[in-house]
Amino acid sequence: MAYAAFLWIGEPPTVVAAALATGRLGASQILRGSSKGWAIFADEVQPTVPLGEGRGLIVGDLFRKASGISGDRPEIEDLANRSNVTPERLAREFWGRYVAFLCDPQSGALEVCRDPSGGLPCFHIRRQDLNMVFSDLGQLVALGLLEPRIDWAYVGHHIAYNGIRVARTGIE
């Protein structure tokens, strides 16, 4: 299961513009949500919850804490139709493996948050006026959006501190 989100200022980069035109990113991901300045793609097996009135999209599995039922449709549909979906509310009322893309309909600003467990991979890279939030680094490399370089300082830290988890990765 994979997803990729792009947030840009001005015109979208060529690869993103082509993906918007075709509705597909690479071979397996389809356009799941977009607005001025952002687009979210996810593969066809990735569950998504579109938030009404262009307020964003939640990618992944949601479970209502009260019921514990995966994809409890009435509960999820109720969430999708509410206008007050916030990161705090998601963390308080739901659990699961998800990344939420929450759009302020007035300003168009997009806020990205993931579930507190960090169960779904979520990486962020900024290149000039393009922010990329994604679950699979290899996909961005294959699309030519990223040329990875080893972060040697991280590698040294990782070895010195016996693999302790930090916010950084071994890729610059």
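Residues numbered from 1 in each chain as written. Predicted model: local features only at pLDDT ≥ 70, side-chain atom pairs only at ≥ 80, totals over all residues. Heavy atoms only, no water.

### Let's talk about the sheet that holds strand β10 (residues 130-134)
- Here six strands make up an open sheet; going across it, the order is β2-β3-β4-β1-β10-β9 and the pairing antiparallel. The sheet is open, and its two edges are formed by β2 (24-25) and β9 (123-127), each paired on a single side. (Pairing = 2+ DSSP bridges. Helix = DSSP H or I, 4+ residues; strand = E, 2+ residues; numbered from the N terminus.)

### Some remarks on a nonpolar patch on the surface
- A cluster of nonpolar side chains, namely Tyr161, Ile164 and Val166, defines an oily patch on the protein surface of about 300 Å² accessible area.
- Tracing the sequence through the fold places tyrosine 161 in the segment after α5 (152-160). (Patch = residues over 30% accessible without salt bridge, like charges linked within 9 Å, V, L, I, M, F, W, Y side chains within 5 Å. Areas by Shrake-Rupley, 256 points an atom, 1.4 Å probe, with all protein chains shown as cover. Salt bridge = Lys/Arg side-chain N within 4 Å of Asp/Glu carboxyl O.)

### Quick word on the pattern of salt bridges
- Considering all chains together, one arrives at four salt bridges under this definition.
- With its nearest N and O atoms 3.8 Å apart, the salt bridge here joins glutamate 93 to arginine 92.
- Between arginine 168 and aspartate 151 there is a salt bridge, with the nearest N and O atoms lying 2.8 Å from each other. Of this pair, arginine 168 sits in the segment after α5 while aspartate 151 sits in the loop between α4 (137-142) and α5, and the two are 17 residues apart along the sequence.

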